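Reading the structure
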Amino acid sequence: MGGLQKKKFERGSATNYITRNRARKKLQLSLPDFRRLCILKGIYPHEPKHKKKVNKGSTAPRTFYLLKDIRFLLHEPIVGKFREYKIFVRKLKKAYGKTEWSAVERLRENKPTYKLDHIIKERYPTFIDALRDIDDALCMCFLFSTFARTGKCHVQTIQLCRRLTVEWMNYVIASRSLRKVFLSIKGIYYQAEVMGQLITWVVPYQFSHDHPVDVDYRVMATFTELYTTLLGFVSFRLYSSLNLVYPPKLDSNGESEPKEESEDDYAMNSESYLEKLSALSASLARVVSSADEEEAQLDQFPSEGEDMEKMEAREKELKQQEAQKKLFEGLKFYLNREVPRESLAFVIRCFGGQVSWDKSVCIGSTYDVTDETITHQIIDRPSVGKQYINRYYIQPQWLYDCVNAKILLPVEDYFLGVTLPPHLSPFVEEKEGDYVPPEKLKMMALQRGEKPGNEQEEDEEEEEEEGEQEEEQEEDDNGDEEDDEEEVAEEKNLKKMEEQRSQGKSLHVKVTPGKLKVENKARLEQEEKAEEKRLAIMMMKKKEKYLYDKIMFGKKRKVREANKLAAKRKAHDDSEKAKKKKARK
Amino acid sequence: LDIRNTVGNIPMEWYKDFPHIGYNLDGKKIYKPIRNKDELDDFLDKMENPEYWRTVHDKQTGSDVVLSDDQVELVNRLQRGQFGDVNFNECEPMVEFFSSDVMIHPVTNRPADKRSFIPSLTEKEKVSKLVHAIKMGWIKPRRVEDDGRGRYYNLWASEDSSILARHKMHLPAPKIPLPGHHESYNPPPEYLFTDEERALWEQQDPADRKLPFVPRKYSSLRQVPAFSQFIHERFERCLDLYLCPRQRKMRVNVNPEDLIPQLPKPKDLQPFPTTRSLVYRGHSGLVRSISVSPSGQWLASGSDDGSVRFWEVCSSRCMKTVQVGGAVKSVAWNPNPSVCLLAVALDSVVLILSPSLADKQVILSSERLLSAQQEGEEPAEGNGSVVWSEAEGEELNQGLRLKIQHPKAVHQVVWHAKGDYLASVMPDNTSHLQVYIHQLSRRRSQNPFSRNKGLVQCISFHPIRPYFFVATQRSIRIYNLVKQEMTKKLQTNSKWISSMAVHPGGDHVICGSYDCKLSWFDLDLSTKPYKMLRHHKKAVRGVAYHRLYPLFASASDDGSVIVCHGTVYNDLLQNPLIVPVKVLRGHVMTHDLGVLDVTFHPTQPWVFSSGADATICLFT
């Protein structure tokens, strides 16, 4: 008895969340400013567990922020900067309206700016945190650096993005941390391992963009603002970790010094520095000039059993990685003008190769086509006029496939004018039961060191095996039905006999030698087990049954998809074979 | 003649429709000169007249004027951009009026103002304003533009773990999924779309598509075009990062095999029926009901074709066929082994048949049971609605002994375990006359209920104690017949009960329903089902317990009979063990009906089932 009546929605989850509009009012910000603040501070809506409770009984669709997040925003100094900027715009408008040009100039000079350093530090308290989240930053900066310098966004932003991406690529080259490359229809995916973190980014192909109308560039620009700051700090830290000078400087005593005379016709003095850097052909200057790097040797620890195996596996992996890092060492590449220069130069330099191109393509070419020591010329046209005899003319896909396979693949498949083998994604790791394309199997065989001669037979065998398995599965499915069919047949016989009997006809009495029914013991056992399982499934609880059905549905779908891909491949191969035969005839 | 026009500088086409072209100084009209030159004349003029090139048409007078040499010269000069006057010299030496030389005499004689001697007040005001503004910090010195080179420094120089990143609710955004083989510029051929897949992709809503793009194959790298959706995808990612509500979803990571309950193996729970061994054929309509004699030798079946057949169980031979003239709804063999009687329900009649398929002794005793009343007093006329009558003539020869006429259609008839009482159901939602209990030896009938509690579906006697089970549409009521009160009401949680069976021990009830469920009640435990079994895909039509073995079976419209093992323990604390052991199939689906009734053999682990395909199957 007694006591105050508890009111609804005054405690519990309803008090932990706040709607967007209320949050905005609490912060006294306009919607665009609130948006910017959320982007910069990394505040995102939360989906409450019990939406109706949080929504105070209503089911209207609303986005909820955590109240703690919004309180956290209240003390952000940047909010003050936003207000200052608002005032600045108002003053500027007023000055324009009064045509007080000196005031306009004075205001413009003192345009309020803000720094995001503290936000970066706050969002990423440790360097590893920042590295973990750098994927999006890289993608965005690489995209912005390809924008044309008109409209859409500030030229300074584009230049900054370009500078940061070049710095990043130079770092990856210097640290040799590139692991995987993938040519997709969207762009080129790269994956690098930096300080133990796998970082993936995508670079669009070098074309001008047709800017879509339904994209809000203000949002993108705000993100870019944050990302450039983040990337800059990360680059600084990474450069200093490698003892490189930041901002990067070209190594002056390196033998690959670009020729002085051509610089002037190529670019203005102010730009030529970045251009030279972005050519990716020269190595960077170090703070402490120590040419010999200390190789991190894995110390031997006394260990037993499983640990031993793990250690061995790790050692093997490390060795493989070291080998991959020196994949193109000793090879000299020359890029024809029709191949994507930046991507190829980046990849080649990442794995220790030497690279050059035509002088008119880009600054920073180190040797000519006529150089006799060139081992590979990358070319992407159906034929070439003059061929040098002591070099391979190969298509660019070879390089990327080599990187993904971690070995130098045979060049024959990639020669000039040859139909290229499929380019596979290195990011797919097939689990048991997944479909593995035959090209991947081939590559894996090559990696294991097997000869490529007999692989076709293997493939065929494997395919056959797969087929058999499928058939077996089908048989299992059909098993029950067959039994039923037998019974039905028996019944039919019986019916016939009965009919004959009822019609008064004399039966054809005949004794035929009986056939011995061979019982397949293994199969019987299997069937019994299957039935047992089926019966046990019947006794499952409703909730568990639902979960079980869902899991099994997913599994079956996976198998179905794999089978479909295999069937498609088989059909394709068959048609190819038939075509070949026809062509032979 | 002065023919100067006075109209001024106006567009002359205003006069185009008038005979005059203006007015002279006297205000008289100037008439247009008569011009009768056409194009041809003009051309001839051009060819022949040497003065033609210097002839100008004067619009104001409408006459042609021949320019003089001076005039032509003037035009030429103007066209060349020269002065019109030939004598004008444009390069005359400059006269400096205001030179750097200081003159000894002032230009004007005016004395200097006072303000040229004292400092300006307005300037002072302006300067003081600026000074004040600078003092107050309103005007700031020009900011030094930093070039961005030194903007970055080692931000994580002091990584102290004391700064907690965020509160614990922080959910990092998931990374973008990595591309698969589909996305390659040169994928293996199996990843490309076929025409159907492509059509399907185009038809689908963008949100439903499995792949957001169509896989393409290019024969070389130089042919790969720009991806038109690139900026769009980046933008979507940005939106996801700051707009998309995040929630932690726990992914269930269970091995599906672990979910399957560990049950005792059916092999260890034998005996139970496993195979169909006999089929009893002969009926031409659906077999609604079957019943086995207490000895286990005979099987009686009632069908929609209006006949009751008696089969020998072991040989599947039809020993006897009784035409009763109406669709048989229910048959029930008297459970008393010392008599041989069968109750048959059809239309609104319950028939008592004496099939005489037993020892003479047994037949005699059953005859005695039937005729006991005749020797005694006259039948009590208390219940006017039920009329008992004896069969005569032909019917008597067929084995028909008694007819119990009911007021409404009878759906089910059941015997009490002793064999003297039988109860019949007349489902009717509107009256309390739904159940009758008849006493055979005294030929008396009575309606035990005075109130309508819902549509009665089926009834059953307790095998040992004087309890009576009545299943209405959604619940089962248990009545104590001695105390004449309701003892329990079981909630079945199903929509419509179809059948019910009582365990021979009497403490458990199973009940099948049209919504595919079978519920097992432990009467000692609760009035709610101990277990709901959803084994069937379609409505459950019949359920049965075995008298001796721990088995029960359910028959359903999906054409299957499921036999379950159900051990009941004497220990009250131990719950019954229910394990499905066999799914039996043998009936053909006809008119969406499968198996209609199921019953166990009284002594053997055999089960009989009757189906809509007019057959009865025996599974052993």
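Residues numbered from 1 in each chain as written. Chains lettered and ligands numbered in written order. Predicted model: local features only at pLDDT ≥ 70, side-chain atom pairs only at ≥ 80, totals over all residues. Heavy atoms only, no water.

The name that an unreviewed UniProt entry assigns to chain B is Ribosome biogenesis protein BOP1, with the source organism given as Astatotilapia calliptera. Chain B has a UniProt comment under Sequence similarities (unreviewed entry) that states "Belongs to the WD repeat BOP1/ERB1 family." (UniProt positions renumbered as here; feature names shortened; annotations may be inferred.)

Further remarks concern the interface of chain B and chain A. On the chain A side, the residues contacting the 96 residues of chain B number 125 residues. Roughly 9700 Å² is buried in total at the junction of chain B and chain A, and carbon and sulfur atoms are behind 62% of that figure. The largest share of the area that chain B buries against chain A comes from Tyr152, Trp156 and Tyr242 of chain B, three residues that together contribute 9% of it. Counting every contact that joins chain B to chain A gives 13 salt bridges. Its salt-bridge partner being Glu197 of chain B, residue Lys568 of chain A comes within 2.9 Å of it at the nearest N-O pair. When contributions to the side of chain B that touches chain A are tallied by element, the ones reaching two or more residues are helix H5 (230-243), helix H6 (256-259), strand E5 (276-281), strand E26 (531-533) and strand E30 (577-585) of chain B. At 11 residues, H5 of chain B tops the list of elements feeding residues into the side of chain B that touches chain A. (Contact = heavy atoms within 4.5 Å. Buried area = accessible area lost by both parts, 1.4 Å probe. Salt bridge = Lys/Arg side-chain N within 4 Å of Asp/Glu carboxyl O. Helix = DSSP H or I, 4+ residues; strand = E, 2+ residues; numbered from the N terminus.)

All names here are of chain A. Following both chains from N to C, one finds helix H1 (residues 20-27) and helix H2 (residues 31-41) inclined at 95 degrees, their axes separated by 10 Å at the closest point. The orientation of H1 relative to H2 falls into the category roughly perpendicular. Counted together, Arg20, Ala23, Arg24 and Leu27 of H1 and Leu31, Phe34 and Leu37 of H2 form the full contact between these two elements. Split by residue class, the contact of H1 with H2 holds 5 nonpolar, no polar and 2 charged. (Axes fitted to C-alpha atoms, helices over the stretch in contact; angles between N-to-C directions. Parallel < 35°, antiparallel > 145°, perpendicular 65-115°, else oblique. Nonpolar A, V, L, I, M, F, W, Y, C, P; charged D, E, K, R; others polar.)

Attention shifts here to the nonpolar core. Residues and elements named next belong to chain A. In this structure, Leu178, Trp201, Met220, Phe328, Phe346 and Trp398 are the most contacted members of the largest nonpolar core, which totals 127 residues. Here this core takes 12 residues from helix H11 (residues 217-241), the largest share from any one element. Ignoring anything within four residues of it in the chain, the contact list for Trp201 reads Leu138, Cys139, Phe142, Trp168, Val172, Leu178, Ile188, Tyr189, Tyr190, Ala192 and Phe346. (Core = buried A, V, L, I, M, F, W, Y, C linked by side-chain atoms within 4.5 Å. Buried < 20%, exposed > 50% of the residue type's maximum accessible area, 1.4 Å probe, protein only.)

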